[in-house]
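# What the coordinates show
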Amino acid sequence: MHNLRANIVQTLKGFRARKSRTFLTMLGIIIGVAGVIIIVSLGAGAQQLIVGQVSRFGSNIIAVSPGKSNENGPPASVLGVRITTLTTHDVQALKDTGSVPHATYFAPLVRGSATVIAGKESLDTQFSATNGEYPLVQNTPISEGRFFSIDEGATGAQVVVLGSDVRTALFGTDEALGKIIKVTRTDGTQTTSVLLHVIGVAAPQGTVFFQNQDDQIYMPLVVGQRQLLGINYLEYLRVKVDDVAYIDQTIADMENVLRREHNIRNAPEGDDFSVRSTAELIKVLSGITDGLRMFLGVMASVALVVGGIGIMNIMLVTVTERTREIGLRKAIGATGERIRNQFLLEAILLTVTGGIVGIIIGIFISFLITVGVRYAGYDWAFIISPTAVGLALGVSVATGVVFGLYPAIKASKLNPIEALRKE
């Protein structure tokens, strides 16, 4: 114990005497450990954000998307590929056949961007075109007026419900209900416009699934789909189930109806749609974030390897510089084991110190990122995994042992006579 304490004191004195070299030697370890801490923290925060966002849809919601997807991946439509296989005829078939008894409400949806004009005020925003069942599926609260009815949605009435941010931007403190707004959309060289009657304002909802729900407007599906977008297909469909216990049965029932409507004979390989519950969606998204986090963690760990190589190089230089010192210590009785332990201890102290500094920096940067993301309006959690901290510190020690062992052994095997002769 006394020898260990003496070795530590001697090592720390050496670090103070070579401050610049010591810092540069530790830099790779600091960057690597900080990177691992930041990536693990951001990955955990992002995963919790995604799960929280999806969970806000409700545990009894089923999402239908056009395009087939594998078991662990998203459908192609989510990745921006335009697929036209899901239509309002499919929605009607699901509702009319009686083959999906536990599905209570259906909300088809298409989205787009448009410019909204009211008097002298204008605003670029997003629109969601859906039906009158949408607020029953999404639990959309209304603060002023009302949402359009099922009949208004089916007939394509020229009505609109404003998000709270859009209402404030267009009308300020003035009355919004009963006003007429112009919604204009430009697609290439073609511009289409519709005049809509404001019948309601949605209550503030914040950001849900990375979209500001208050910075958008809601209109009947026919208006957005045909008059603004000029399409006859759906982007996706959300279905509310009367009881969570019937989620799996309802998914199977819906798949059977859609396969019949689409004349699919080789199911499930030939499916041109994807039916998933909220729980399945959370599982898929969590798998994606886990994979991304692991990949980025491996990339950050490369810095630890680079830092370890730097430590080995510096320790080899140190052994060369201190050859006479090693020879003198051996001449007065120091064993090769003690010389080896001295240099190995120096390497370990370098990596452990760098690891601790890296952990502190990683936690601090993760906190700053959390503050910034929360300021942007997202419910981001500041998560620091004790396992990740312990693992980062353990890897630091292992790096010191692995990359410090060779220089330490080389120092312990020096011949004292030859070492003393070296200038």
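Preceding this paragraph is the structure being described.
If you're wondering where the values come from, they're calculated on a predicted model, not measured in any experiment.

## Observations regarding the overall build of the chain
- Scanning the chain from N- to C-terminus turns up 13 helices and twelve strands.
- About 20800 Å² of surface is accessible on the chain, with carbon and sulfur atoms providing 59% of the total.

## Let's talk about the packing of helix α3 (residues 88-96) against helix α8 (residues 247-261)
- Following both chains from N to C, one finds α3 and α8 inclined at 130°, their axes separated by 10 Å at the closest point. Between α3 and α8, the angle falls in the class oblique. Of the two elements, α3 crosses α8, and the hand of that crossing is right-handed. Of the residues in α8, those touching α3 at Asp90, Ala93 and Leu94 are Met254, Val257, Leu258 and Glu261.
- The residue makeup of the contact of α3 with α8, split by class, is five nonpolar, no polar and two charged.

## Overview of the packing of aromatic side chains
- For the structure on display, the rule yields five aromatic pairs.
- Geometrically, the ring pair formed by Tyr134 and Phe147 is stacked, given 6.2 Å between the ring centres and 15° between the ring planes. Pair noted here: Tyr134 is in helix α4 (residues 134-138) and Phe147 is in the loop between β4 (142-145) and α5 (150-155), with a separation of 13 residues, a long-range link.
- For Phe147, a relative accessible area of 9% gives the class buried.

## What to know about the nonpolar core
- Counting residues in each nonpolar core, the largest one holds 46 residues, and the members touching the most others are Ile181, Val183, Ile217 and Met219.
- Among the elements that take part in this core, strand β2 (residues 103-118) stands out by supplying six residues, more than any other.
- Apart from residues lying up to four places away in sequence, Ile217 is in contact with Val116, Gln126, Phe127, Ser128, Val160, Val161, Leu162, Gly163, Val166 and Val183.
- Core analysis: the next-biggest nonpolar cluster, separate from the first, contains 14 residues, Leu109, Tyr134, Ala157 and Val161 among them.

## Looking at the side chain of Thr87
- For Thr87, the location among the structural elements is in the loop between β1 (61-66) and α3.
- Taking the relative accessible area as the measure of exposure, Thr87 reaches 17% and is therefore buried.
- Those residues in contact with Thr87, other than ones at most four positions away along the chain, are Asn232, Tyr233 and Leu234.

## Examining the environment of Phe23
- Its place among the elements puts Phe23 in helix α2 (residues 19-55).
- Measuring from C-alpha to C-alpha, the distance between Phe23 and Leu350 comes to 8.9 Å, with 327 residues separating the pair along the chain.

## Comments concerning the pattern of salt bridges
- The full count for this structure, using the stated rule, is six salt bridges.
- One salt bridge connects Glu255 with Arg259, and the closest N-O pair in it is separated by 3.9 Å. Here Glu255 pairs with Arg259, and both are found in helix α8, just four residues apart, close to one helical turn.
- A salt bridge links Asp271 to Arg259, with the nearest nitrogen and oxygen atoms 2.8 Å apart. In this pair, Asp271 sits in the loop between α8 and β12 (273-277) while Arg259 sits in helix α8, placing the two residues twelve residues apart along the sequence.
- Overall, the relative accessible area of 9% leaves Asp271 in the buried class.

## Some points on the pairing of β2
- In terms of strand pairing, β2 meets strand β11 (residues 236-241) through six bridges, oriented antiparallel. Looking across to β11, one finds that Tyr105 is bridged to Lys240.
- Pairing between β2 and strand β3 (residues 121-130): nine bridges, direction antiparallel. Within the sheet, the bridge partner assigned to Val116 lies in β3 and is Leu123.

## Thoughts on a nonpolar patch on the surface
- There is a patch of nonpolar side chains on the surface, built from Ile361, Phe364, Ile365, Phe367, Leu368, Ile369, Val371 and Phe382 and spanning about 650 Å² of accessible area.
- Relative to the elements of secondary structure, Phe367 occurs in helix α11 (residues 336-375).
- Since its relative accessible area comes to 42%, Phe367 is described here as partly exposed.

## Concerning the pairing of strand β10 (residues 216-220)
- Counting buried positions along β10 yields five of five residues, so the element is predominantly enclosed.
- Here β3 pairs with β10 via five bridges, running parallel. Bridge pairing in β10 links Ala129 to Met219.
- Across two bridges, the pairing between strand β5 (residues 159-162) and β10 is antiparallel. Bridging across to β10, Val161 finds its partner in Tyr218.

## A short note on α3
- Residues of α3 that are buried include every one of Asp90, Val91, Ala93 and Leu94, and no others. Projected down its long axis, α3 shows its buried positions confined to an angular sector of 160°, all on one face. Opposite the packed face of α3, turned more than 90 degrees from it, sit the exposed residues His89 and Asp96.
- Buried residues in α3 make contact with β2, β11 and α8.
- Positive backbone phi, approximately 75°, marks Gly98, located one or two places after α3.

## Regarding helix α6 (residues 164-171)
- Those residues of α6 that sit buried are Ser164, Val166, Arg167, Leu170 and Phe171. Down the axis of α6, the buried set is contained in an arc of 160°. They therefore lie on one face.
- Just past α6, the residue Gly172 takes up positive phi, approximately 60°.

## Focus: the side chain of Gln213
- Mapped onto the elements, Gln213 comes out in the loop between β9 (211-212) and β10.
- In this structure the side chain of Gln213 is engaged in a polar contact, spanning 3.0 Å, whose partner is the side chain of Gln216.

The rules behind these values
- Residues numbered from 1 in each chain as written.
- Predicted model: local features only at pLDDT ≥ 70, side-chain atom pairs only at ≥ 80, totals over all residues.
- Heavy atoms only, no water.
- Helix = DSSP H or I, 4+ residues; strand = E, 2+ residues; numbered from the N terminus.
- Areas by Shrake-Rupley, 256 points an atom, 1.4 Å probe, with all protein chains shown as cover.
- Axes fitted to C-alpha atoms, helices over the stretch in contact; angles between N-to-C directions.
- Parallel < 35°, antiparallel > 145°, perpendicular 65-115°, else oblique.
- Left-handed = near helix turned anticlockwise from the far one by under 90°.
- Contact = heavy atoms within 4.5 Å.
- Nonpolar A, V, L, I, M, F, W, Y, C, P; charged D, E, K, R; others polar.
- Phe/Tyr/Trp six-rings, centres within 6.5 Å; stacked < 30°, edge-to-face > 60°.
- Buried < 20%, exposed > 50% of the residue type's maximum accessible area, 1.4 Å probe, protein only.
- Core = buried A, V, L, I, M, F, W, Y, C linked by side-chain atoms within 4.5 Å.
- Salt bridge = Lys/Arg side-chain N within 4 Å of Asp/Glu carboxyl O.
- Pairing = 2+ DSSP bridges.
- Patch = residues over 30% accessible without salt bridge, like charges linked within 9 Å, V, L, I, M, F, W, Y side chains within 5 Å.
- Arc of directions from axis to C-beta.
- Polar contact = N/O pair within 3.5 Å; in protein donor to acceptor, adjacent residues only side chain to side chain.

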